[in-house]
Amino acid sequence: MGRGGWLIGGSFVAIWASAFTVAGVVVREWPPLWALGIRFALTAPILLAIAVAMRGRIPSAADAVRIAALGLFGMGGYLACAWLAMARIPTGLVALICATTPLLVAAGESLVLRRPLPRLAWLGLALGWAGVALLGLLRALDGLDGAEAAGIALAIAAAAGQAVGLLIFAPAKGRVDMWAASLGQTTVSALLCLSLAVMLEGGPPGMPRAGTLAALLWSMLVVGIGAYALYFIMLKRVPTSTASALQLLAPPVAAVFGWALLGERLFVSDIIGGVLTLSGLALLLHARSRG
């Protein structure tokens with residue numbers, strides 16, 4: 001992989017990790033669901049303009065349903081649970097738990113879609129979930145309060161939601177236009193989050209402070225649009241196995257960002273559980289790259 005590939009990969013990891021940090025900034029002032037709903041509602045017109053400019057293909061009715069499911073579970077549901085979790089536990093911990101999505105996807109493909117997994121992949125699954133279980137157990141022994149327990153549960157729900165969305169969308173992945181798919185799932189996510197915000201968080205929030213507004217704009221433009229486009233560029237410049245490995249760097253980088261920028265602290269138990277989980281993910285990705 002050349003210097004350009006490493007630059008693209010490194011930029012993607014940094015931007016992807018920053019998604020959790022800027023979300024942590026936003027949820028300190030704004031209700032999470034309202035913040036997400038507004039973010040999605042503002043992003044959708046931009047994506048519509050890009051899709052029209054790029055002459056994106058309109059998906060078939062069947063694929064549109066899969067895109068809607070991806071928006072409902074894989075983007076809207078995933079981020080709603082993740083942002084609610086980040087209002088309760090450190091952003092780096094949420095990033096780590098959400099990184100278990102590939103474990104759930106692999107298990108779903110094997111158990112639901114009946115696609116066989118190599119033995120090494122099953123070892124990766126076992127090791128990854130052992131890390132999450134150890135993380136939760138050690139935190140509980142340390143004294144887990146109600147907010148922390150809810151945060152961990154919400155982060156696991158976020159990973160599960162993203163996995164469900166990806167599994168439903170998988171058959172359409174090679175057929176749909178990337179910008180049309182992004183527009184569709186963002187629109188569905190906006191409707192979901194705004195509806196939940198009205199029901200669970202009451203009226204809309206007031207005007208945010210400059211720092212919160214900057215974080216929301218970063219989340220919308222740099223993460224929501226830029227990282228999505230950069231990922232597809234990366235897949236053209238970087239081997240798929242390398243791209244998957246680079247994504248494993250996002251949780252520890254997010255933890256560093258949270259420590260440096262938000263003053264968050266992770267326990268030794270979080271680090272131990274994180275190492276086990278990421279090791280399991282690495283094994284799983286290695287096994288699947290070998291077929």
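These numbers come from a predicted model, not from an experiment.

For the protein, the helix and strand inventory stands at twelve helices and zero strands. Mapped from its N terminus to its C terminus, the protein presents α and β elements in the order α-α-α-α-α-α-α-α-α-α-α-α. Long-range contacts, defined here as pairs at least 24 residues apart, represent 92% of the contacts in the protein between residues at least 6 apart. Surface accessibility of the protein: about 13600 Å² in total, with carbon and sulfur atoms responsible for 70%.

Before going further, it helps to examine the pattern of salt bridges. This model, assessed by the stated rule, comprises two salt bridges. In this structure, the salt-bridge partner of Arg209 is Glu29, at a minimum N-O distance of 3.4 Å. Taken as a pair, Arg209 in the loop between helix H8 (178-201) and helix H9 (210-237) and Glu29 in the loop between helix H1 (3-26) and helix H2 (32-53) lie far apart in primary sequence, 180 residues in all. Looking at Glu29, the relative accessible area reads 28%, which means it is partly exposed.

Judged by how many residues are buried, helix H4 (residues 91-98) sits mostly within the fold: eight of eight residues are covered. The set of residues buried in H4 consists of Thr91, Gly92, Leu93, Val94, Ala95, Leu96, Ile97 and Cys98.

Right, let's get into the packing of H2 against H8. Relative orientation of the contacting elements H2 and H8 amounts to 155°, with a least axis distance of 7 Å. Relative to H8, H2 is oriented roughly antiparallel. Crossing angle aside, the handedness with which H2 passes H8 is left-handed.

This part takes up the packing of helix H3 (residues 61-86) against helix H7 (residues 146-169). Orientation of H3 relative to H7, taken along the N-to-C sense of each, is 165°, at an axis distance of 7 Å. As the angle between them shows, H3 and H7 are arranged roughly antiparallel. Crossing hand, H3 versus H7: left-handed. Along the contact surface, H3 presents Arg66, Ile67, Ala69, Leu70, Phe73, Gly74, Tyr78, Cys81, Ala82, Leu84 and Ala85, while H7 presents Gly151, Leu154, Ala155, Ala157, Ala158, Gly161, Gln162, Val164, Gly165, Leu166, Ile168 and Phe169.

What follows is about the environment of Phe73. Within the element layout of this structure, Phe73 appears in helix H3. By relative accessible area, which is 34% here, Phe73 ends up partly exposed. Setting aside anything within four residues of it in sequence, one finds Phe73 in contact with Tyr78, Gly161, Gln162, Val164, Gly165 and Ile168.

Turning our eyes to something else, we now look at the nonpolar core. Ranked by internal contacts, the top residues of the largest apolar core, which has 51 residues, are Trp83 and Val94. At ten residues, the largest contribution of residues to this core is made by H3. Excluding residues that lie within four positions of it along the chain, Val94 makes contacts with Phe20, Ala82, Ala85, Met86, Ile89 and Ala155. The next biggest cluster of nonpolar side chains, apart from the first, holds eight residues, and it includes Phe12, Ile15, Leu230 and Met234.

A few words now on the environment of Gly37. Among the secondary structure elements, Gly37 is positioned in helix H2. The exposure class assigned to Gly37 is buried, which follows from its relative accessible area of 0%. Residues Gly37 and Thr186, spaced 149 residues apart in sequence, show a C-alpha to C-alpha distance of 9.7 Å. Excluding residues that lie within four positions of it along the chain, Gly37 makes contacts with Ala190, Cys193 and Leu194.

It is worth spelling out a nonpolar patch on the surface at this point. Where nonpolar side chains cluster on the molecular surface, the patch consists of Leu72, Phe73, Val164 and Ile168 and spans about 280 Å² of accessible area. The set of elements that each furnish at least two residues to the nonpolar patch consists of H3 and H7. Structurally, Ile168 can be placed in helix H7. Residue classification places Ile168 among the partly exposed residues on the basis of a relative accessible area of 30%.

Here we take up H2. Taking 1.5 Å of rise per residue, 22 residues should cover 32 Å, and H2 covers 32 Å from first to last C-alpha, within 8% of that figure. Looking only at H2, the buried set comprises Pro32, Leu33, Trp34, Ala35, Leu36, Gly37, Arg39, Phe40, Thr43, Ala44, Leu47 and Ala51.

Turning our attention to the side chain of Arg39. Here Arg39 shows up in helix H2. Nearest to the buried, unbridged Arg39 among oppositely charged side chains is Glu201, at 14 Å. Aside from chain neighbours lying at most four places away, what touches Arg39 is Leu79, Trp83, Leu216, Ser219, Met220 and Gly224.

Conventions we followed
- Residues numbered from 1 in each chain as written.
- Predicted model: local features only at pLDDT ≥ 70, side-chain atom pairs only at ≥ 80, totals over all residues.
- Heavy atoms only, no water.
- Helix = DSSP H or I, 4+ residues; strand = E, 2+ residues; numbered from the N terminus.
- Contact = heavy atoms within 4.5 Å.
- Areas by Shrake-Rupley, 256 points an atom, 1.4 Å probe, with all protein chains shown as cover.
- Salt bridge = Lys/Arg side-chain N within 4 Å of Asp/Glu carboxyl O.
- Buried < 20%, exposed > 50% of the residue type's maximum accessible area, 1.4 Å probe, protein only.
- Axes fitted to C-alpha atoms, helices over the stretch in contact; angles between N-to-C directions.
- Parallel < 35°, antiparallel > 145°, perpendicular 65-115°, else oblique.
- Left-handed = near helix turned anticlockwise from the far one by under 90°.
- Core = buried A, V, L, I, M, F, W, Y, C linked by side-chain atoms within 4.5 Å.
- Patch = residues over 30% accessible without salt bridge, like charges linked within 9 Å, V, L, I, M, F, W, Y side chains within 5 Å.
- Expected span 1.5 Å × (residues − 1).
- Lys, Arg positive; Asp, Glu negative; His and termini not counted.

Remember that the coordinates give geometry; whether it matters functionally is a separate question.
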